[in-house]
Structure formats: structure tokens, C-alpha cells
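# An overview of the molecular structure
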Amino acid sequence: MKYTLYRSFGDLDSQVTKHALIAVEYGSSIDAVTDALIQDVADDLAESPEYAGCKTTAYAPEPIRITRRVKRYQYEMTGAVLPPNAPNNILLDYGIMEACE
């Protein structure tokens, strides 16, 4: 299976056609590529100049919530930026398209 990872601009349901391609992973299932996808999201955030000096991480992919308007993705992830002196973390949505390859 082919898993294509996209970064949204805040909300996964907004500006879907402008989402940025981040990575493509291949594996037998979403579970087989989970670690790679988490690393892809963390690296994407760490490479962003606006988050320089911040720790980054990501949550494992989950099936897209039924409340989402976007139908393009089969899975979603949340990336987290952990600023050292901020009261809150910064969360960004990522979408994953699954395709037979």
C-alpha cells in the first residue's frame, strides 16, 4: 500500500487543494508505516523556520473522523510543536491518503 502524507494549513477541512505534500511511505498496512509517518511529521515541523529551537512530535495515525468534511483522506494525524516558554503547544493537522500500489 502507498501512504501519502499532506500537511494542512491549520484545519484539515480547509483549503484541501492547497495542502502540502510531505512524504510518501510504502508498507503492507498503516501500522507498518506508522513509525515512519510519525518521524515524517516531526521532521517536517522541525525543519520549519518558525519552529526553530522547539521540540516536535506527532500522534499516531487514526482513521479519519466521521465529523470531518474532507473526504480525500483515509487517515489523519496531529503534529505537535512544543515551544519551550509557551503556555500551550501548537497542533497541526495532517491527512493521509491510502492507495493500492
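Preceding this section is the structure that the text describes.
Below you will find a few notes about this structure. (Residues numbered from 1 in each chain as written. Predicted model: local features only at pLDDT ≥ 70, side-chain atom pairs only at ≥ 80, totals over all residues. Heavy atoms only, no water.)

Residue placement: threonine 34 occurs in helix 1 (residues 30-46). Given a relative accessible area of 14%, threonine 34 falls into the buried group. Each C-alpha atom of the pair threonine 34 and proline 61 lies 6.8 Å from the other, and the pair is 27 residues apart in sequence. Apart from residues no more than four positions distant in its own chain, threonine 34 is found in contact with Ala60 and Pro61. A distance of 2.8 Å separates a polar side-chain atom of threonine 34 from the backbone oxygen of isoleucine 30. (Helix = DSSP H or I, 4+ residues; strand = E, 2+ residues; numbered from the N terminus. Buried < 20%, exposed > 50% of the residue type's maximum accessible area, 1.4 Å probe, protein only. Contact = heavy atoms within 4.5 Å. Polar contact = N/O pair within 3.5 Å; in protein donor to acceptor, adjacent residues only side chain to side chain.)

By the secondary structure assignment, serine 28 is in the loop between strand 2 (20-26) and helix 1. For serine 28, a relative accessible area of 66% puts it in the exposed group.

Once that is clear, we can look at the pattern of salt bridges. Inspection of the entire model under this criterion finds six salt bridges. One salt bridge in this structure joins arginine 65 and glutamate 76, with 3.2 Å as the shortest N-O distance. Taken together, the residues arginine 65 in the loop between strand 4 (62-63) and strand 5 (75-82) and glutamate 76 in strand 5 connect sequence positions 11 residues apart. Judged by its relative accessible area of 45%, arginine 65 falls in the partly exposed class. (Salt bridge = Lys/Arg side-chain N within 4 Å of Asp/Glu carboxyl O.)

All right, on to a nonpolar patch on the surface then. On the surface, Leu21, Val24 and Tyr26 cluster together into a nonpolar patch covering about 300 Å² of accessible area. Position of tyrosine 26 relative to the elements: it lies in strand 2. (Patch = residues over 30% accessible without salt bridge, like charges linked within 9 Å, V, L, I, M, F, W, Y side chains within 5 Å. Areas by Shrake-Rupley, 256 points an atom, 1.4 Å probe, with all protein chains shown as cover.)

Here we take up the packing of aromatic side chains. Given two aromatic rings, one states the distance between the centres and the angle between the planes to describe the pair. Under the criterion given, the structure shown has one aromatic pair. Taken together, a centroid distance of 5.8 Å and an interplanar angle of 45° make the contact between tyrosine 6 and tyrosine 73 tilted. Of the two residues, tyrosine 6 sits in strand 1 (residues 2-7) while tyrosine 73 sits in the loop between strand 4 and strand 5, which places them 67 residues apart along the sequence. By the burial criterion, tyrosine 6 is buried, and tyrosine 73 matches it. The ring of tyrosine 6 has arginine 72 lying over it, and the distance from NZ or CZ to the ring centre is 4.7 Å. (Phe/Tyr/Trp six-rings, centres within 6.5 Å; stacked < 30°, edge-to-face > 60°. Lys NZ or Arg CZ within 6 Å of the ring centre and 35° of its normal.)

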